[in-house]
Amino acid sequence: MTVLLPDSLDRACAQLADHPEAHVLAGGTDLMVEVNFGHRRPEAVLSLARVPELKGWGRDGDTLVLGAGVTYTELCDPAIAELAPALAQAARTVGSPQIRNAGTIGGNLGTGSPAGDTLPVLAALDATVELVSVTGRRTLPLAEYCIGPKRTARDATEIIASVSVPVARGPQEYLKVGPRNAMVISVAGLAAVADIEGRRVAVGLGSVGPVPLRAPEAEAWVVDRIDWSAGRLVDPADATEFGSLVAAAARPIDDHRATADYRRHCVSVLARRALTRMFAA
Amino acid sequence: MTAPEDYDLLVNGTEHHVVGAWIGESLLYVLRERLGLPGAKNACEQGECGSCSVMVDDRLVCSCLVLAASAVGTAITTVESLAPDGALSDVQQAFVDAGAVQCGFCTPGLVMAVEDLLARDAAPTELEVREAISGNLCRCTGYGRVIDAVRVAVRRRTGAEVA
Ligand SMILES: Cc1cc2nc3c(=O)[nH]c(=O)nc-3n(C[C@H](O)[C@H](O)[C@H](O)COP(=O)(O)OP(=O)(O)OC[C@H]3O[C@@H](n4cnc5c(N)ncnc54)[C@H](O)[C@@H]3O)c2cc1C
Ligand code: FES
Ligand code: FES
């Protein structure tokens, strides 16, 4: 095994083109578990630890651009949290302080697990993922990037450079269900984001389908249930119906963490709760 | 640059030469088995228990999830740095005084997590203390005494009470 330690994004792309067998390493919180347990013995590892281009973030007009190397701890920083509240909430639910200090948003995308906590938020925000390689750059909407459980559209020679989301245009929530408050893989996760001017609510669901899902029917239905100028639900009881409609969009399976029925129930509760928090009287 | 099979790690201010190691080894393994620094403990090797917590460039991380060869050029701090001459740090002493050490296996990791918390926030609330140690598992104490230890350390350092 070789360890490649490029010190720029250009060099990282060039080395990955020369070593397509190399496994990209960011915070290591997914990859090192596999290496420690012998599930993966990469011939080569390309560490992004010294690639400065991936570590920054910035605001470009109404768009927040996050380098792939931005950690969960950094996402919780008020400077970013203010622009992307649901992403910060999702980041705060990840693992533990140690995991949040190391784990990156690019790694969450790289793994592409249905339970990845940032993914439902990125789905709700219609995020775009920027991939770079020696042959150029391309930008994919999240819905085209995530193609199955732990399967993404990323080519082996591509590096995830950044992910872009719109700056918050209204209240946002991320909620997750798991057996305890720390260190849990979500049984169900839900992001809800509102665009007050655009009069829209978007919902992203995690752990209840092969990829992060949206809830288009519920999103369309709820538009007329909100008094947009007051920022309130016309009838608070509508939050329950919203919950049922969102749950209908889930496509959960039974596994060792929960049954499909329980996951659907969780989604309906989380959707009701999120909408109530965003548009409480 | 390609990291050679042999590499140098800066641990507690001292350069250590790592020779003949398999390049896929975790920092935890290298610290314990190659550098003779067994302070960080190995219980899970999957980031769940926190007993291997160390600082890498001022960030508290699980050393079992750090690829040692990729930590070349960083400054690594382990629990051994807290008591270089055998005299306990105030946090370590508070753990002893509050009865927060039972079998002691989790203690180095918890002490590192508490040192990190208090360096960022000298007067944390109890909720912040609980969140700060949420990545460290202890099978013995039930955590009550660990939180007591943080109270003692905060009181001695600042005179303030953990709210
Ligand atoms: C104890 C523990 C608790 C956890 N809890 C949670 C949780 O609550 N929620 C959650 O969502 N996740 C959780 N995780 C999983 C993990 O922390 C996240 O998926 C994290 O985002 C991975 O990021 P990383 O930087 O550590 O990735 P790495 O492990 O370094 O990489 C992960 C994958 O992504 C690829 N990759 C990384 N960066 C790039 C890039 N820039 N370009 C191309 N490919 C790339 C790698 O090749 C690898 O396949 C947990 C993990 C542990 C060990
Ligand atoms: S040994 Fe590293 S977290 Fe358990
Ligand atoms: S004292 Fe035994 S595990 Fe904590």
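Residues numbered from 1 in each chain as written. Chains lettered and ligands numbered in written order. Predicted model: local features only at pLDDT ≥ 70, side-chain atom pairs only at ≥ 80, totals over all residues. Heavy atoms only, no water.

Chemist: Just checking my understanding: could you explain the site of ligand 1 for this structure?
Modeler: Around ligand 1, 36 residues are found, and the nearest of them are V24(A), T29(A), Y72(A), T104(A) and D117(A). What surrounds ligand 1 is not a single chain but chains A and B. Contacts to ligand 1 include N108(A), whose side-chain N or O atom sits 3.0 Å from an oxygen atom. One of the backbone N or O atoms of I160(A) is found 2.8 Å from a nitrogen atom in ligand 1. Isolated, ligand 1 exposes 980 Å² of accessible area, and the fraction of that covered by the protein chains is 93%. Sorting the residues of the shell around ligand 1 by element identifies strand 2 (23–25), helix 7 (105–111) and strand 10 (159–166) of chain A as the ones contributing at least two each. Element by element, the count of residues in the shell around ligand 1 is highest for helix 7 of chain A, at 5 residues. In terms of residue class, the shell around ligand 1 is built from 15 nonpolar, 16 polar and 5 charged. (Near = heavy atom within 4 Å. Polar contact = N/O pair within 3.5 Å; in protein donor to acceptor, adjacent residues only side chain to side chain. Areas by Shrake-Rupley, 256 points an atom, 1.4 Å probe, with all protein chains shown as cover. Helix = DSSP H or I, 4+ residues; strand = E, 2+ residues; numbered from the N terminus. Nonpolar A, V, L, I, M, F, W, Y, C, P; charged D, E, K, R; others polar.)

Chemist: What is the right way to look at the sheet that holds strand 12 (residues 188–195) of chain A in this model?
Modeler: Hydrogen bonding along the main chain pairs the strands of a sheet, whether they run parallel or antiparallel. All names here are of chain A. Ordered in space as 11-12-13-14, the 4 strands form an open sheet in which the pairing is antiparallel. Both edges of this open sheet fall to strand 11 (172–177) and strand 14 (213–214), since each of them pairs with a single strand only. Here strand 13 (residues 200–206) runs beside strand 14; their pairing, made up of 2 bridges, is antiparallel. Looking at the pairing, L205 lines up with L213 of strand 14. Lying on the sheet, helix 12 (residues 260–278) is in contact with strand 11, strand 12 and strand 13; it crosses strand 12 at an angle near 30°. (Pairing = 2+ DSSP bridges. Contact = heavy atoms within 4.5 Å. Axes fitted to C-alpha atoms, helices over the stretch in contact; angles between N-to-C directions.)

Chemist: I tried to follow the packing of aromatic side chains on my own but got confused; where do I start?
Modeler: Geometrically, a pair of aromatic rings is defined through the distance of the ring centres and the angle of the planes. For the structure shown, the criterion picks out 1 aromatic pair over all chains. Its end group placed over the ring of W22(B), R41(A) keeps NZ or CZ at 4.1 Å from the ring centre. (Phe/Tyr/Trp six-rings, centres within 6.5 Å; stacked < 30°, edge-to-face > 60°. Lys NZ or Arg CZ within 6 Å of the ring centre and 35° of its normal.)

Chemist: What exactly am I supposed to notice about the nonpolar core here?
Modeler: Across soluble globular proteins, nonpolar side chains have a tendency to be buried as a group. L122(A), L190(A), V246(A), Y7(B) and L9(B) are the most contacted members of the largest nonpolar core, which has 107 residues in total. The element best represented in this core is helix 12 of chain A, accounting for 7 residues. Discounting chain neighbours no more than four positions away, the residues touching V246(A) are L190(A), V203(A), L205(A), A215(A), A218(A), V267(A) and A271(A). One finds C106(B), V111(B), L118(B) and A132(B) within the second-largest nonpolar core, a separate group that totals 29 residues. (Core = buried A, V, L, I, M, F, W, Y, C linked by side-chain atoms within 4.5 Å. Buried < 20%, exposed > 50% of the residue type's maximum accessible area, 1.4 Å probe, protein only.)

Chemist: Explain the pattern of salt bridges to me, please; I cannot follow it from the model alone.
Modeler: Side-chain pairs of opposite charge can arise whenever the charged atoms involved come near each other. Under the counting rule described, the total for this entry stands at 21 salt bridges over all chains. Of the charged contacts in the structure, one is a salt bridge between D116(B) and R120(B), with a shortest N-O distance of 3.3 Å. With D116(B) and R120(B) both in helix 3 (residues 107–120) and 4 residues apart, this pair spans about one turn of that helix. Judged by its relative accessible area of 56%, R120(B) falls in the exposed class. Here the salt bridges do not stand alone but share partners, grouping R92(A), R100(A) and E131(B) into one network. (Salt bridge = Lys/Arg side-chain N within 4 Å of Asp/Glu carboxyl O.)

Chemist: Explain the layout of surface pockets here, please?
Modeler: In this approach a probe as big as a water molecule rolls over the atoms, and the regions it shows empty are the leftover space. The space that makes up the second largest pocket amounts to roughly 800 Å³. In terms of lining residues, the second largest pocket is bounded by 27 residues, among which R92(A), R180(A), N181(A), A182(A) and E131(B) are the most central. The biggest single contributor to the lining of the second largest pocket is strand 11 of chain A, with 5 residues. (1 Å grid on protein atoms, 1.4 Å probe; cavity = no way out; pocket = protein on both sides within 12 Å on 5 of 7 lines; lining within 4 Å. Points joined across faces, edges and corners; volume = space filled by probe spheres on them.)

Chemist: Even after reading the chapter, I still don't get helix 5 (residues 144–158) of chain B, so can you show me in this structure?
Modeler: For an α-helix, 3.6 residues make a turn, and residues three or four places apart therefore share a direction. Residue and element names in this part refer to chain B. With 15 residues, helix 5 ought to run about 21 Å at 1.5 Å a step, and its terminal C-alpha atoms sit 21 Å apart, in line with that. Where helix 5 is concerned, the buried positions are V146, I147, A149, V150, V152, A153 and V154. Against the buried residues of helix 5 lie helix 2 (90–97), helix 3 and helix 4 (126–132). (Expected span 1.5 Å × (residues − 1).)

Chemist: Explanation requested: the domain arrangement of chain B in the structure shown.
Modeler: Often, the extent of an interface is quoted as the loss of accessible area on bringing the components together. Residue and element names in this part refer to chain B. One can read the domain layout of chain B as domain 1 (5–82) and domain 2 (84–158). The C-alpha-based centres of domain 1 and domain 2 are spaced at 21 Å. With 18 residues of domain 1 in contact, the opposing surface of domain 2 contributes 15 residues. Looking at the side of domain 1 facing domain 2, the largest losses of area belong to L60, V79 and L82, adding up to 42% of the total buried there. (Domains from an automatic or database assignment. Buried area = accessible area lost by both parts, 1.4 Å probe.)

Chemist: Would you explain the domain arrangement of chain A in this entry?
Modeler: All names here are of chain A. You can read the domains of chain A as domain 1 (2–166) and domain 2 (172–278). Averaged C-alpha coordinates put domain 1 and domain 2 at centres separated by 25 Å. Opposite the 23 residues of domain 1 that make contact, domain 2 presents 22 residues. Buried area between domain 1 and domain 2, summed over both chains or domains, comes out near 1,800 Å², and the portion from carbon and sulfur atoms is 60%. Where domain 1 packs against domain 2, one counts 2 salt bridges.

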